[in-house]
Amino acid sequence: MNNIAEQLNLAYQNLNKKCGLLGIKSDTVQLIAVSKTKPASAIITAYHAGQYQFGENYPQELAEKSAQLTAYNDIVWHFIGPLQSNKTKLVAENAHWVHSIDRLKIAERLSAQRPENLAPLKVLLQINISNESSKAGIAADEMLNLATSVAALPNLELKGLMAIPAPGDSEHAFAAMQQLSLQLQQLQPQANELSMGMSDDWPLALKYGATMIRLGTVIFGARDYKQE
Ligand SMILES: *Cc1c(COP(=O)(O)O)cnc(C)c1O
């Protein structure tokens, strides 16, 4: 077996083990393989090892890979990076999920630009849960307002919340996200997905109710941004 297939296998084994310890059904947690900066060939390798959910951070890179990989038409693309309004069209046309909705204007553009022949775009609201001044995401107390507006847009489906905690703040942040998710589900019961946990902190995220974990490094190895 090659390296990517092996690491993917190991990631699923670890995920299943951790779910077992926590008493969670492992099929209720999605592992998203974060393939940003990695070539399409790495995605194909993971695909042949049984992986269908992939995460990308850059609109142009998502569009290019999606075009290169049209033959693999059961790949599910998750856009998880920061999104500027001049790039929403690339994402509306190529993603199945967007995890990083942080303002109404972006959501409105995605809804307007979603091609009619595609299913509604599934979206998550990104919460700046550690209150970092430099980070993307809305404040926790803005969540319900934005959720109400986004849920009303015709070509989007509000599915839940996402967060990237500050280093060292994971446990506190994940616990706060779990509470926020329950709050959201009282108004929008279908919005029960919680995207949190990366290579370093996913076991802790599971403990606090993560339903989608986003793993890059442990599957594809370290990223080299200089080559991009
Ligand atoms: C890059 C990235 C990941 C994956 O990070 P790893 O530490 O490599 O697992 C997950 N989520 C987001 C939003 C990212 O940008």
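Residues numbered from 1 in each chain as written. Predicted model: local features only at pLDDT ≥ 70, side-chain atom pairs only at ≥ 80, totals over all residues. Heavy atoms only, no water.

Asker: Before we go on, may I ask you to explain the side chain of Ser 130 in this structure?
Answerer: Mapped onto the elements of the fold, Ser 130 is located in the loop between strand E5 (121-127) and helix H6 (143-151). Judged by relative accessible area, Ser 130 falls into the buried class, the value being 16%. Within the structure, the side chain of Ser 130 is placed 2.5 Å from the side chain of Asp 169, a separation counted as a polar contact. Sequence-distant contacts of Ser 130, that is, excluding residues within four places in its chain, are made with Pro 165, Ala 166, Asp 169 and Ala 173. (Helix = DSSP H or I, 4+ residues; strand = E, 2+ residues; numbered from the N terminus. Buried < 20%, exposed > 50% of the residue type's maximum accessible area, 1.4 Å probe, protein only. Polar contact = N/O pair within 3.5 Å; in protein donor to acceptor, adjacent residues only side chain to side chain. Contact = heavy atoms within 4.5 Å.)

Asker: Where do I start with the site of the ligand in this structure?
Answerer: Taken together, Val 34, Lys 36, Asn 57, Ile 80, Ile 164, Met 198, Ser 199, Arg 214, Leu 215, Gly 216, Thr 217 and Arg 223 are the residues near the ligand. Ser 199 is positioned such that a nitrogen or oxygen atom in its side chain is 2.5 Å from an oxygen atom of the ligand. In this structure, Arg 223 approaches the ligand through a side-chain N or O atom, which is 2.8 Å from an oxygen atom. Isolated, the ligand exposes 390 Å² of accessible area, and the fraction of that covered by the protein chains is 91%. Here the residues of the shell around the ligand are counted per class, giving five nonpolar, four polar and three charged. (Near = heavy atom within 4 Å. Areas by Shrake-Rupley, 256 points an atom, 1.4 Å probe, with all protein chains shown as cover. Nonpolar A, V, L, I, M, F, W, Y, C, P; charged D, E, K, R; others polar.)

Asker: Sorry, what's going on with the pairing of strand E2 (residues 53-56) here?
Answerer: Regular strands place side chains that alternate from one sheet face to the opposite one. Of the two faces of E2, the one holding Gln 53 and Gly 55 and the one holding Phe 54 and Glu 56 are both buried throughout. The β-α-β motif built from E2, the intervening helix H3 (residues 59-68) and the parallel element strand E3 (residues 76-79) has right-handed crossover chirality. (Right-handed = clockwise from strand over helix to strand, strands pointing away.)

Asker: Hey, could you run me through H6 in this one?
Answerer: Because an α-helix completes one turn every 3.6 residues, residues spaced three or four positions apart along the sequence face the same direction. Those residues of H6 that sit buried are Met 143, Leu 146, Ala 147 and Val 150. The arc that holds every buried residue of H6, seen down its axis, measures 105°, which confines them to one face. Where the residues of H6 are buried, they touch strand E4 (97-101), helix H5 (104-113), E5, strand E6 (156-163) and helix H7 (170-187). (Arc of directions from axis to C-beta.)

Asker: What exactly am I supposed to notice about the packing of H6 against H7 here?
Answerer: Geometrically, a packed helix pair is captured by the angle between its two axes and the distance between the axes. Contact pair H6 / H7: the axes reach a minimum separation of 11 Å and the direction vectors enclose 40°. Overall, the two elements H6 and H7 adopt an arrangement that is oblique. Of the two elements, H6 crosses H7, and the hand of that crossing is right-handed. Residues Met 143, Leu 144 and Ala 147 of H6 form the contact with H7, whose own contacting residues are Leu 180, Gln 183, Leu 184 and Leu 187. Its residues assigned to classes, the contact of H6 with H7 shows six nonpolar, one polar and no charged. (Axes fitted to C-alpha atoms, helices over the stretch in contact; angles between N-to-C directions. Parallel < 35°, antiparallel > 145°, perpendicular 65-115°, else oblique. Left-handed = near helix turned anticlockwise from the far one by under 90°.)

Asker: What am I meant to see in the environment of Ala 140 here?
Answerer: Tracing the chain through its elements places Ala 140 in the loop between E5 and H6. On the accessibility criterion, Ala 140 (31% relative accessible area) is partly exposed. Residues Ala 140 and Gly 221, 81 residues apart in the sequence, show an inter-C-alpha distance of 33 Å.

Asker: Explain the packing of aromatic side chains to me, please; I cannot follow it from the model alone.
Answerer: When we look at a pair of aromatic rings, we describe it by the centre distance and by the angle of the planes. As enumerated under the stated definition, the model contains three aromatic pairs in all. Here the aromatic rings of Tyr 47 and Tyr 52 are separated by 5.2 Å at their centres, their planes lie at 90°, and the arrangement is edge-to-face. Note on Tyr 52: relative accessible area 36%, which makes it partly exposed. On the basis of an interplanar angle of 75° and a centroid distance of 4.9 Å, the ring pair of Tyr 47 and Tyr 72 is categorised as edge-to-face. Placement of Tyr 47 in helix H2 (residues 40-48) and of Tyr 72 in the loop between H3 and E3 is noted, with a sequence separation of 25 residues between them. When its relative accessible area of 14% is taken as the criterion, Tyr 47 is described as buried. Through a chain of ring-to-ring contacts, three or more aromatic side chains come together here, namely Tyr 47, Tyr 52 and Tyr 72. (Phe/Tyr/Trp six-rings, centres within 6.5 Å; stacked < 30°, edge-to-face > 60°.)

Asker: Help me out: how do you make sense of unusual backbone geometry in this one?
Answerer: Across residues other than glycine, the phi torsion is negative in most instances, and most of the peptide bonds are trans. Not every positive phi belongs to a glycine, and Thr 37 is a case in point at roughly 70°. Here Thr 37 is to be found in the loop between strand E1 (30-34) and H2. According to the relative accessible area criterion, Thr 37 is buried, its value standing at 11%. Residues other than glycine seldom take positive phi values, yet Asn 131 does so here, at roughly 50°.

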